[in-house]
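Listed below, chain by chain, are the residues.
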Number of protein chains: 2
Amino acid sequence: MRWEPCWLPETDIPESLHTPLDTAAWELEQAGLTVTIKLDQELGNDAYEITEGKGETQIRGGSTGVLYGAYGLLACRRLGLSIPKGVQTPAFALRMLNHWDNMDGTVERGYAGDSLFFEKGGFRNDFSRLRWYARLLASVGINVICLNNVNVHAPAQALTDMRFLPDVAQLSALFAPFGIRLMLAVDFAMPMQAGLPTADPLDERVRTWWNERVSLIYRFVPSLCGFLVKADSENRPGPYAYGRDHAQGANLLARALQPHGGVLVWRCFVYNCKQDWRDHTTDRPMAAYQNYAAMDGEFEDNVILQIKHGPFDFQVREPLSPLLLAMPHTRKAMELQLTQEYTGQQIDLYAMQGMWNELFADLPSGRVTAIAAVANTGCDENWTGHPLAQLNLFAYGITAWQPGLPFEQVTRCWARLTYSLTGESLETLVNLLVHSRETYERYTATLGLCWMVNPGYHYGPNPMGYEYSPWGTYHRADRNAVGVDRTASGTGYLLQYPLRWQERYRNPETCPERLLLFFHRLPYHWRMKDGRTLLQRIYDDAYAGAAETVIMRNQLRTLKNALPQATYRIAAERLERQVGNAREWRDVLCDFFHRLSGVEDEKARL
Amino acid sequence: MRWEPCWLPETDIPESLHTPLDTAAWELEQAGLTVTIKLDQELGNDAYEITEGKGETQIRGGSTGVLYGAYGLLACRRLGLSIPKGVQTPAFALRMLNHWDNMDGTVERGYAGDSLFFEKGGFRNDFSRLRWYARLLASVGINVICLNNVNVHAPAQALTDMRFLPDVAQLSALFAPFGIRLMLAVDFAMPMQAGLPTADPLDERVRTWWNERVSLIYRFVPSLCGFLVKADSENRPGPYAYGRDHAQGANLLARALQPHGGVLVWRCFVYNCKQDWRDHTTDRPMAAYQNYAAMDGEFEDNVILQIKHGPFDFQVREPLSPLLLAMPHTRKAMELQLTQEYTGQQIDLYAMQGMWNELFADLPSGRVTAIAAVANTGCDENWTGHPLAQLNLFAYGITAWQPGLPFEQVTRCWARLTYSLTGESLETLVNLLVHSRETYERYTATLGLCWMVNPGYHYGPNPMGYEYSPWGTYHRADRNAVGVDRTASGTGYLLQYPLRWQERYRNPETCPERLLLFFHRLPYHWRMKDGRTLLQRIYDDAYAGAAETVIMRNQLRTLKNALPQATYRIAAERLERQVGNAREWRDVLCDFFHRLSGVEDEKARL
């Protein structure tokens, strides 16, 4: 069986591989390359250097670095690129993938089939496929995966006890030869589920319980990377229930993990999900900073705060989260979302690396020390539902190793590696992907207008869908204006940023237009820089985005013979649905703003 | 076990009752009354006469009439009313209750617990409770119940074959002593599920299949009343798939039923549920008339067209369906909905008889020959979820026997029979119930504005929820105006009515205000008869309705000791939720129309 599309040679992966060094040697042998591999732990675990001379190629690297060196060499050979000079070191030591997999086999916000790990309340144990998956992830440098959903649904609590630890250990051994360590999402209230009367982080019994539990886990899985926790968030339990703060909560678990070298990844996705929509002063984007910024320095060294890239929740366009710019004395991870919850659900094309490059261009280096992404993979034969969505997984691995590489270049590499495209076909596919985000943004969320999706489901237009909900997600559109004033004269969200950022966003005349309605409330007749009104821009973008999907469809058709048959068939079928989705977005948004404003489209398209 | 609230003496019902005459004798004996019962089939099945004289009371009646006579006498005795003079005959020979029960035990749009009949794909067979249920229905004169959902989900198709026919027969025997006959909802495509290549009503094989199937059914259940069919409606199969009309479809089944004396009840709820919201010419309320009116006279004599009372779908306020005024040569049933799908879901109080009285006041007599209602009952101990919702079941039975009795009088009878209330408590409860519909209408759907509910779920406000949906349910509110022009200058819906009706509704100056926005599209500044603007009226009604729920809560509190404890507790808890629901409706609707219109509330409450 072949899982499309993967650029590595299609061969069964032997069970005899035990270390990344074994795997490196096997991969090079499969490819018919004669390479000397030298372990050099002084470079650090992940780093490597490839040297060529006198007809001999050598890879020198740390324990996993040798494997990354092998994949790097294979990619260069296949692409005909010259070998990178000098020691290659990843920007982030932890390059994490968070699976939102439930043990019943479903995947929360998953659009690529069932869970790769679980089914029917236990492990799926399709080891052959999992070895392919490990190899796929290792080939792009991912080195940590969290197996289970951050919303820990029963029986996933038992991943940390005798019931499932043997299975976790087995998976850990399976992923080890690919340099990948496991992480488990745990439930803060687990001590109570185990019979304690409290989960209070300052209670001695709770501390003892976690210490013992962690010791048990590490007896089975000595290489476990650590825990991932969603606490006091969207109805999950957490330290607030005991009047404790999140440093106290996180440190409890961190201290239990310390003796074993484990890390505690603590998600900062904490906000009031029962907001009264009548309340105009509470502003959800302010929540993460309000909850955490003042606690800088209070967390144990092995705590990593995992912060979503934007202050809301993986919307199409958000500014960088101000919390990522704060807390200099705290380890922080940036969280991205590969699964396309709000970005087309692997039906609509949405290539993400352009967004990530913008984020990293905004983020001074050294502010985050780790990176995480919610996985977009599942049991679908092509791993990601939409075959072209695998680019996002690939580009995430590349970005986690070295942020900011040109989007187009990475996309081109992926298209060549995966489909061996050349010439016009290659340019067509790259062009289709590189512009896909702008197109999606135009028809769904221009100017930073977000949350106009169908509530709950998050696909398709519903401009009033979140206006009277408790989730803190409002655009407050009325007959005159739209958007939320988040400057000092409004909710004050902007004041959470350093001064330079405040200056960039505070004046609607100079604020980047792509975030205009994120930061400002403006009348429909507001003049954009090119002289059009704000309203006309909304109309125009909706029409332009929808028209672009038709062009995309036509472009894709030219690739019918260049792409593998199944890839083309699935991509074409989805792009057809995207054309319909874009038309619906266009017409609903234009109708909605036309009803409100009463102003006709200058081009008389309504 | 006692199922609250029921006015009949709490005694186990013996299995030895076989006929309504047996039951009549047993009921009278239970009540300690000495009565001579005389069967007199010449009166007709259901009619009865009670006479008193020389210390002797006599009930003379048809085979079921004797039982209705007994219940009538018991009620009069309990209420201290004088015996009605002369022969009592029901207005409708078929007084039907449609259960929307699925065989997995759920009830579509049910708000009173699980199905009384089914669980886990089979029959629940709680015979003791079902006998109580039969008695409850008989006591208000209901004589036909359809057991299963008109949306026939597997395995309910097997209700008509060997798998479940013995169970149906058993239930039929259980209901017989209470004068209640069963009906089954069938799926038009059943011949195909049974292996035929078609369900075309003109195909000989299909005809033969139905004839044989019906013969089989009647061998098991000779007293079956007939079939209920939802065809070509909301994605159900039907004759349109074969290019046949609904007369051809209905007559197929009717002819199969004729030899056995069965009737075929054919629902006229046919409309385009995939409408493009952009299409302003298609108008869903026109659908039933368009689909059926021209077929008058084409249906077999044992076909009854079951027509919803309004042209939409059980909204809070709709005009009488024009189809009920048409088709003089066709038997028609009016369909009501006791289960409160759009009317508060048995959380909010909503007593319905006032609405039915308006409908019957509008309907010239003789236009409908049968009556049906979707049941509001289930396994909850009080039968109807909200204990006070049982009034709707009671009032339906009364209305089915004699439409148009004063709402307040019927409500008073029910409150006295059920709770033995007197004096101020009685007046308080009657007042609470009699005005509950107006209150609900004020905060959810004033002036005939419907469909502002949460899509799918149908509870709670969502003013734009159905505006971009395919269900044909639009109010088209924009910054200037709201409503749909359904007059000759608009969609033309009004032209489906007789002239006198057209005159009543066509001029917005004289159209009854409660239906103003059902028939007309009007600007917010439109002057109502009392001088207020349309918009101010919407604001005022929302506030008045919400304020009334607070008064209702206070009124109910005065009944704490007058009502049974469980009744009070459940009613009070629900009324608390109603207060919250009404506040949410008020604020969402006012905010919505304020955003659109930009016009402030004159009373500055927003």
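Residues numbered from 1 in each chain as written. Chains lettered and ligands numbered in written order. Predicted model: local features only at pLDDT ≥ 70, side-chain atom pairs only at ≥ 80, totals over all residues. Heavy atoms only, no water.

Participant: Please explain the packing of helix 1 (residues 20–30) of chain B against helix 2 (residues 65–79) of chain B as it appears in this structure.
Facilitator: Two measures define how a pair of helices packs: the angle their axes make with one another and the distance between the axes. Residues and elements named next belong to chain B. Here helix 1 crosses helix 2 at 20°, and the two axes come no closer than 8 Å. In this view, helix 1 runs roughly parallel relative to helix 2, as classed from their interaxial angle. Helix-helix and strand crossings are classified by hand; for helix 1 and helix 2 the assignment is left-handed. Here Pro20, Leu21, Thr23, Ala24, Glu27 and Leu28 of helix 1 lie close against helix 2, whose contacting residues are Val66, Leu67, Ala70, Tyr71, Leu73 and Leu74. Taken together, the residues of the contact of helix 1 with helix 2 break down into 10 nonpolar, 1 polar and 1 charged. (Axes fitted to C-alpha atoms, helices over the stretch in contact; angles between N-to-C directions. Helix = DSSP H or I, 4+ residues; strand = E, 2+ residues; numbered from the N terminus. Parallel < 35°, antiparallel > 145°, perpendicular 65-115°, else oblique. Left-handed = near helix turned anticlockwise from the far one by under 90°. Contact = heavy atoms within 4.5 Å. Nonpolar A, V, L, I, M, F, W, Y, C, P; charged D, E, K, R; others polar.)

Participant: Looking at this structure, how should I read helix 2 (residues 65–79) of chain A?
Facilitator: One turn of the α-helix equals 3.6 residues, which is why residues spaced by three or four share an orientation. Its 15 residues place the ends of helix 2 of chain A 21 Å apart at the C-alpha level, agreeing with the 21 Å of an ideal helix rising 1.5 Å per residue. Burial within helix 2 of chain A is extensive, with 13 of its 15 residues counted as buried. (Expected span 1.5 Å × (residues − 1). Buried < 20%, exposed > 50% of the residue type's maximum accessible area, 1.4 Å probe, protein only.)

Participant: I'm lost on unusual backbone geometry in this one. Help?
Facilitator: In most cases, non-glycine residues show a negative phi, while peptide bonds are predominantly trans. Residues and elements named next belong to chain A. Residue proline 155 is bonded to the preceding alanine 154 through a cis peptide linkage, with omega at 0°. Within the fold, proline 155 resides in the loop between strand 7 (144–146) and helix 4 (165–175). Positive phi values are uncommon outside glycine, yet serine 420 reaches one of about 50°. Residue position: serine 420 is located in the loop between helix 11 (407–419) and helix 12 (423–434).

Participant: How should the nonpolar core be read in this particular structure?
Facilitator: Ranked by size, the top nonpolar core spans 417 residues in total, and within it Leu97, Leu429 and Phe593 of chain A together with Leu97, Leu429 and Phe593 of chain B carry the most contacts. The contacts of phenylalanine 593 of chain A, once residues within four sequence positions are left out, are Leu449, Met452, Ala477, Val482, Tyr524, Leu535, Ile538, Tyr539 and Gly598 of chain A. (Core = buried A, V, L, I, M, F, W, Y, C linked by side-chain atoms within 4.5 Å.)

Participant: Just checking my understanding: could you explain the side chain of glutamine 346 of chain A for this structure?
Facilitator: All names here are of chain A. Inspection of the secondary structure assignment puts glutamine 346 in the loop between strand 12 (331–337) and helix 9 (353–362). Judged by its relative accessible area of 0%, glutamine 346 falls in the buried class. For glutamine 346, the side chain forms a polar contact with the main-chain nitrogen of glutamine 340, separated by 2.9 Å. Discounting residues that sit within four places of it in the chain, glutamine 346 has contacts with Tyr111, Ala112, Leu338, Thr339, Gln340, Asn376, Thr384, His386, Ala389 and Arg574. (Polar contact = N/O pair within 3.5 Å; in protein donor to acceptor, adjacent residues only side chain to side chain.)

Participant: Any chance you could explain the interface of chain B and chain A here in plain terms?
Facilitator: Accessible area lost on assembly of the parts is the figure often given for the size of an interface. Opposite the 23 residues of chain B that make contact, chain A presents 23 residues. Sorting the residues of chain B by area buried against chain A places Tyr468, Arg479 and Arg595 of chain B first, and these three jointly supply 40% of that buried surface. With a shortest N-O distance of 2.5 Å, arginine 278 of chain A and aspartate 587 of chain B are connected by a salt bridge. Inspection of the region where chain B meets chain A yields 21 residue pairs in polar contact (both at pLDDT 80 or more). (Buried area = accessible area lost by both parts, 1.4 Å probe. Salt bridge = Lys/Arg side-chain N within 4 Å of Asp/Glu carboxyl O.)

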